[in-house]
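Geometric and topological summary
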Amino acid sequence: MTPRTTAEPGGAASAGPADGPLPPAPSSVGKLPEPQSADRQRAADPAAGSDERPDLPSTLNARARTLCGAVRRRCVQLANIESPSGDAERLNLLAEELSAGYRATGAQVSRERGPAGDHLLLRWPGQHEDLPHLLVVGHHDTVWPAGTLADWPVTEHDGVLSGPGVLDMKGGLALLEGAFALLADLGLRPYHSVRVVVTADEEVGSPDGRRVVERQLPGAAAVLGLEPPHEDGRLKTARRGVSRVRLTVTGHEAHAGNHPEDGTSAVDELVDQLVAVRDQLGHQPGTELNTGRIRGGTRANVVAGQAEAELGLRFATPEAQRTTLESLAHLTALRPGALITTEVLSSRPAWPERANGHALLDHVGSLAAALGQQVAGAPAGGAGDTNLAGARGLPTLDGLGAVGAGPHARDERIALDQLAPRIALLAGLLAMPLPRLKPRAGGPEVVRRARP
């Protein structure tokens, strides 16, 4: 394996000033410092590797500050490997790079083939293998098309790192690698066994990645997401459900001037259907509609024979999602000779706020306080792979990725001064036992209490 770079001397928080574009990192494996062996670490610190470490918070903070420059460089390297959704070749190149980096921190790595790129399943053994596992979910696809780096390179300026995908979520992936490297450097294993799923199609609704995530949910003590937090730093305690739906209308073509009566306009039918759907959903609480794309017809002098629209729907509750999708599935044509079909392209269930989610947030908040941080939480408008866990009643918390702003926008950026605190928080979550977190009634089996 390619030797790893060392952390910056003196525990510097960054690699130093770097105004302007950052050059692509070389294609080599593992940009985080090589973890010290447990023997080497214990020689330097006899308390290393012990569960009974009263100084663990200060140790985590100090090590995180030492590592954050390497994590920043790792984020740059990952962001310079473009990985748009649907581009299997580029996504697999990034998957290979991620696999090598996580493997160097002690992960067992497997790849799950998907039609639009490989998903990653990572496993770390825990100190207590008999306890339920901790599941972490992330993704390595982005919304940015290949070639975006040509006119928007990864850039550092005034304590901010900007570039396509740095926040959503190359930064989160680099932070998690840094947290595991920190534990390995201390000669520690995670308290619980840890499983991480990195999907290749999250930005388009995880149509294939969903199955990979769902296979890891049974028996999970808790589920954490690497999406960025709210812009004010609050974690995400719930998410709306999201569905992408395609409406397709088939009509009958005819000459628009000579024999319009012989035709049935698919475009006119679609427009009327969209108006009716918008009016209906406008009176349904907890549902939002965005008509994202429309196309149809061939020429202005031809009655359109085909038309389609792609709808983006968001739901505050599972009931609103179920009712809306059922209604769209039974649309009937308004014109004789027209045929309308409905296809659900992807769907994530609504994840409402639950009491066990607040218990998990309280646990994270207590750990953050020990590290000198303040952590709060709030529901989020967007959806992600954590919806799959939260909707089932599993204790779930998202937003543990990089802190920043502008996801999916040309000002996407992360705050570099927040790297070290987040590395320490993630490492602490991995190293400490989880409290008893009860799933909702009727949900998955109640997890066993972690050892005191």
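Refer to the structure printed above.
Below is a short write-up of the structure. Because the structure is a prediction, the values reported are computed rather than measured.

This part covers the overall build of the chain. Per the secondary structure count, the chain includes 10 helices and 17 strands. Evaluated residue by residue, the chain yields a buried proportion of 53% over its 452 residues. Relative to all contacts within the chain whose residues are 6 or more apart in sequence, the contacts with residues 24 or more apart total 81%. Of the roughly 18,900 Å² that the chain leaves accessible, carbon and sulfur atoms contribute 52%.

On to the pairing of strand β4 (residues 133–139), then. Along any regular strand, the residues point their side chains to alternate faces of the sheet. Of all seven residues in β4, seven are buried; the element is thus mostly enclosed. Burial along β4 is two-sided: His133, Leu135, Val137 and His139 and Leu134, Val136 and Gly138, pointing in opposite directions, are all buried. Across five bridges, the pairing between β4 and strand β8 (residues 220–225) is parallel. By the bridge assignment for β8, Leu134 is matched with Ala222.

So, on to a nonpolar patch on the surface. Together, Val267, Val271 and Val275 make up a nonpolar patch on the protein surface, roughly 190 Å² of accessible area in all. For Val271, a relative accessible area of 44% gives the class partly exposed.

What follows concerns the packing of aromatic side chains. In this structure the tally under the stated criterion is three aromatic pairs. With a centroid separation of 5.9 Å and an interplanar angle of 85°, the aromatic rings of Tyr102 and Trp124 are classed as edge-to-face. You can see Tyr102 sitting in helix α3 (residues 88–103) and its partner Trp124 sitting in strand β3 (residues 119–124), a full 22 residues away along the chain. Where Trp124 meets Phe180, the ring centres are 3.6 Å apart and the plane angle is 5°; that geometry is what we call stacked. A residue pair is termed long-range when its members are at least 10 positions apart, and Trp124 in strand β3 and Phe180 in helix α4 (residues 166–185) qualify at 56 residues.

When two helices pack together, their arrangement is given by the angle between the helix axes and the distance between those axes. Relative orientation of the contacting elements helix α2 (residues 56–79) and helix α10 (residues 419–431) amounts to 120°, with a least axis distance of 8 Å. Between α2 and α10, the angle falls in the class oblique. Like other packed secondary-structure pairs, α2 and α10 cross with a definite hand, here right-handed. For the pair formed by α2 and α10, the contact residues are Leu60, Asn61, Ala64, Arg65, Leu67, Cys68, Val71 and Arg72 on the first element and Leu419, Ala420, Ile423, Ala424, Ala427 and Gly428 on the second.

The next thing to look at is the layout of surface pockets. In this structure, the largest pocket occupies an estimated 780 Å³ of space. As for the largest pocket, its lining consists of 37 residues, and the residues nearest its centre are Glu203, Arg314, Gly382, Ala383 and His408. The set of elements that each furnish at least two residues to the lining of the largest pocket consists of α4, β9 (235–239), β10 (241–250), β11 (287–296), β12 (306–315), β13 (339–348) and β16 (404–405). Across the lining of the largest pocket, the residue classes break down as 13 nonpolar, 11 polar and 13 charged.

The next subject is the sheet that holds β4. The sheet built from six strands is open, its strands ordered β2-β3-β7-β4-β8-β15 with mixed pairing. A single partner strand is all that each edge strand has here, and the edge strands are β2 (108–112) and β15 (396–397). Relative to β15, β8 runs parallel, the two being bridged by two bridges. Within the sheet, the bridge partner assigned to Val223 lies in β15 and is Thr396. The strands touched by α3 are β2 and β3; relative to β2, the strand with the most contacts, the crossing angle is about 165°.

A few words now on the packing of α2 against α3. Remark: α2 packs on α3, axes separated minimally by 10 Å, with the N-to-C direction vectors making an angle of 155°. Considering their axes alone, α2 and α3 lie roughly antiparallel with respect to each other. Between α2 and α3, the contacting residues are Arg74, Gln77 and Leu78 on the first element and Leu94, Glu97, Leu98 and Gly101 on the second.

Judged by nonpolar contacts, the single largest core of 67 residues is most densely connected at Leu182 and Ile414. Discounting chain neighbours no more than four positions away, the residues touching Leu182 are Leu60, Arg63, Ala64, Leu67, Ile423 and Ala427. Among the nonpolar cores identified, the runner-up in size contains 17 residues, and Leu247, Leu270, Leu274 and Phe315 belong to it.

A separate point is helix α7 (residues 318–329). Here α7 is 12 residues long and its end C-alpha atoms lie 17 Å apart, about the 16 Å a rise of 1.5 Å per residue gives. In the core, the buried residues of α7 are packed alongside β10, α6 (266–282), β11, β12 and β13.

With respect to the element layout, Arg392 can be found in the loop between α9 (386–390) and β15. Note on Arg392: relative accessible area 34%, which makes it partly exposed. In this structure the C-alpha to C-alpha distance between Arg392 and Pro352, which are 40 residues apart in sequence, comes to 9.9 Å.

Moving on to the pattern of salt bridges. Following the criterion strictly, the structure yields 27 salt bridges and no others. The residue Asp232 makes a salt bridge to Arg234 at a minimum N-O spacing of 2.8 Å. With relative accessibility at 34%, the residue Arg234 sits in the partly exposed group. Salt-bridge contacts for Asp398 lead to Arg239; the nearest nitrogen and oxygen are separated by 3.2 Å. Highlighted residues: Asp398 in the loop between β15 and β16 and Arg239 in strand β9, separated in sequence by 159 residues. Neither residue differs from the other here; Asp398 and Arg239 are each classed as buried. In the salt-bridge network here, residues are joined through shared partners; they are Arg244, Arg293, Arg295, Glu308 and Glu310.

Reading the values: rules and limits
- Residues numbered from 1 in each chain as written.
- Predicted model: local features only at pLDDT ≥ 70, side-chain atom pairs only at ≥ 80, totals over all residues.
- Heavy atoms only, no water.
- Helix = DSSP H or I, 4+ residues; strand = E, 2+ residues; numbered from the N terminus.
- Buried < 20%, exposed > 50% of the residue type's maximum accessible area, 1.4 Å probe, protein only.
- Contact = heavy atoms within 4.5 Å.
- Areas by Shrake-Rupley, 256 points an atom, 1.4 Å probe, with all protein chains shown as cover.
- Pairing = 2+ DSSP bridges.
- Patch = residues over 30% accessible without salt bridge, like charges linked within 9 Å, V, L, I, M, F, W, Y side chains within 5 Å.
- Salt bridge = Lys/Arg side-chain N within 4 Å of Asp/Glu carboxyl O.
- Phe/Tyr/Trp six-rings, centres within 6.5 Å; stacked < 30°, edge-to-face > 60°.
- Axes fitted to C-alpha atoms, helices over the stretch in contact; angles between N-to-C directions.
- Parallel < 35°, antiparallel > 145°, perpendicular 65-115°, else oblique.
- Left-handed = near helix turned anticlockwise from the far one by under 90°.
- 1 Å grid on protein atoms, 1.4 Å probe; cavity = no way out; pocket = protein on both sides within 12 Å on 5 of 7 lines; lining within 4 Å.
- Points joined across faces, edges and corners; volume = space filled by probe spheres on them.
- Nonpolar A, V, L, I, M, F, W, Y, C, P; charged D, E, K, R; others polar.
- Core = buried A, V, L, I, M, F, W, Y, C linked by side-chain atoms within 4.5 Å.
- Expected span 1.5 Å × (residues − 1).

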